[in-house]
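A closer look at the structure
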Amino acid sequence: MKTRLIRFVILFVGLFAIQSVKAQEIKCDVRINSNQIAGTDKTVFESLQTALYEFINNTRWTDINFKTNEKIECSIAINIKERTDNNFSGDINMVLRRPTYKATYTTTIFNNIDSHFLFSYMDGEALDFSTTSFNSDLTATIGFYIYMFLGYEFDTFSLYGGENFYKIAENIVNMAQNTDEAGWVSTKNRQNRYWLCENVTNSVYRPLRQFLYEYHRLGLDVMSEKPEEGRAAITKSLEYLQTIHATYPTCYYLQVILDTKRDEIINVYSQGSQQEKTRVANILKEIDPSQATAYDAILQNNGKY
């Protein structure tokens, strides 16, 4: 973890373009569920799972020097619901995790289900991807999330550190506009790839990225040695979410953050003063009213962190 932090510091003092011959950046588990598809021949789904695993884990997504133990950990679970010849539709659950400093605890940065996943695939097909041209919905969707993941990860180590990766993800969204599919365009759904990227790249939502940095780097990464200081930083970081909710209560990425972090935040406040717990519970009930009763656990001191 220490070497990982050093790498991020080096990155943002001007060595972004270092070429590397070391390991790829991503360590991703891929699972495909085709139980809803009639028939016993699962060959195409097995082929797709293998192809996606190799595509994600063997592609060089950046020019940054990653060591094997520094790979970014994530998982992808695809649930296929319909198939017509070589065309598929379903949902895709994307999860991004990272370790915390000097602790065995791994935190989830992003956990969300994209329910607008449509793509074509033939058994044995090569998966082609480019950041400058739209080759297929399958590789574009995966590439989009990988670059969003890189952005999120780097944002947790350095304030606004993921900027370059978000720009690549934004370019993928722009190239996908001609598809007119619900997962890519702004007009058909308010909770899709378009709006996820828009929320991250739009300057009015920048406090959400401040939250990512302060919550993880100043909060969780500190808690193993200075729990009170780390918890205080997490409390402060929640005010960024409160700021966005006050003006943009339907912000998609805000809701994704809350869904991802809800249980963890409750557990973080298994310790701390009653005053701090009350303050945090009130903030969370305000910005996440549909889950207000869940935050009573903070006041009951039954967290597990």
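Before reading on, note that the structure itself is shown above.
Attention here is on the structure that accompanies the text. Keep in mind it's a predicted model, so treat the numbers as computed, not measured. (Residues numbered from 1 in each chain as written. Predicted model: local features only at pLDDT ≥ 70, side-chain atom pairs only at ≥ 80, totals over all residues. Heavy atoms only, no water.)

By the definition in use, this model includes 19 aromatic pairs. Put simply, the rings of Phe-110, Phe-134, Phe-144, Tyr-145, Phe-149, Tyr-152, Tyr-166, Trp-184 and Tyr-253 touch in pairs and so form one group of aromatic residues. The ring of Trp-184 has Arg-193 sitting right over it, with the charged end atom 4.5 Å from the ring centre. (Phe/Tyr/Trp six-rings, centres within 6.5 Å; stacked < 30°, edge-to-face > 60°. Lys NZ or Arg CZ within 6 Å of the ring centre and 35° of its normal.)

So, about the packing of helix α3 (residues 137-157) against helix α4 (residues 163-175). Describing two packed helices takes the angle between their axes plus the distance from one axis to the other. Where α3 meets α4, the axes come as close as 8 Å, and the angle between the chain directions of the two elements is 155°. With respect to their mutual orientation, α3 and α4 come out roughly antiparallel. In this structure, α3 crosses over α4, and the sense of that crossing is left-handed. When α3 is examined against α4, the residues Ala-140, Gly-143, Phe-144, Tyr-147, Met-148, Leu-150, Gly-151, Tyr-152, Phe-154 and Asp-155 are found in contact with a partner set consisting of Phe-165, Tyr-166, Ile-168, Ala-169, Ile-172 and Val-173. Counted by class, the contact of α3 with α4 contains 13 nonpolar, two polar and one charged residues. (Axes fitted to C-alpha atoms, helices over the stretch in contact; angles between N-to-C directions. Helix = DSSP H or I, 4+ residues; strand = E, 2+ residues; numbered from the N terminus. Parallel < 35°, antiparallel > 145°, perpendicular 65-115°, else oblique. Left-handed = near helix turned anticlockwise from the far one by under 90°. Contact = heavy atoms within 4.5 Å. Nonpolar A, V, L, I, M, F, W, Y, C, P; charged D, E, K, R; others polar.)

Looking at the element boundaries, Ser-47 is found in helix α2 (residues 43-58). The exposure class of Ser-47 is buried, given its relative accessible area of 17%. Considering only alpha carbons, one finds Ser-47 and Asp-123, 76 residues apart in sequence, at a separation of 6.1 Å. With near-sequence residues (within four places) excluded, Ser-47 lies in contact with Tyr-121, Asp-123 and Gly-124. (Buried < 20%, exposed > 50% of the residue type's maximum accessible area, 1.4 Å probe, protein only.)

Attention now moves to the nonpolar core. By size, the foremost hydrophobic cluster in this structure holds 84 residues, and its most contacted members are Phe-144, Tyr-152, Leu-196 and Tyr-253. The dominant element in this core, judged by the number of residues it contributes, is α3, at 12 residues. Non-local contacts of Phe-144, meaning those with residues more than four positions away in its chain, are made with Ala-169, Ile-172, Val-173, Trp-184, Arg-193, Leu-196 and Cys-197. (Core = buried A, V, L, I, M, F, W, Y, C linked by side-chain atoms within 4.5 Å.)

The end-to-end C-alpha separation of helix α8 (residues 252-268) is 24 Å, in line with the 24 Å expected for 17 residues at 1.5 Å each. Bending of α8 peaks at approximately 55° at the position of Lys-261. (Expected span 1.5 Å × (residues − 1). Bend = angle between axes of the 7 residues up to and from the residue.)

With that out of the way, let us pick up the sheet that holds strand β1 (residues 26-33). Strands belonging to one sheet form pairs held by backbone hydrogen bonds; the direction of such a pair is parallel or antiparallel. A sheet is described by the order of its strands in space; here four strands give the open sequence β1-β2-β3-β4, paired in mixed fashion. Only two strands of the sheet have a single partner each, and these edge strands are β1 and β4 (106-120). In this sheet, adjacent strand axes meet at a mean angle of 15° when their direction is disregarded. Alignment of strand β3 (residues 87-99) against β4, held across 12 bridges, turns out to be antiparallel. Considered in β4, the bridge of Met-94 is made with Asn-112. (Pairing = 2+ DSSP bridges.)

Now for unusual backbone geometry. Phi angles above zero are rare outside glycine, and Lys-102 is one such case at about 55°. If you trace the backbone, Lys-102 turns up in the loop between β3 and β4. On the basis of relative accessibility, which here comes to 53%, the residue Lys-102 falls in the exposed class. A positive phi is found at Asp-180, a non-glycine position, where the angle reads about 60°.

In this structure the tally under the stated criterion is 18 salt bridges. Ionic pairing is found between Glu-225 and Lys-102, a salt bridge with its closest N-O pair at 2.8 Å. Here Glu-225 is found in the loop between α6 (206-223) and α7 (227-247), whereas its partner Lys-102 is found in the loop between β3 and β4, with 123 residues between them in sequence. By relative accessible area, Glu-225 is classed as partly exposed at 49%. Across the pair Lys-261 and Glu-264 runs a salt bridge whose closest N-O atoms are separated by 2.9 Å. Of the two residues, Lys-261 and Glu-264 are both situated in helix α8; the distance of three residues between them amounts to about one turn of the helix. The exposure classification of Lys-261 matches that of Glu-264, with both residues buried. (Salt bridge = Lys/Arg side-chain N within 4 Å of Asp/Glu carboxyl O.)

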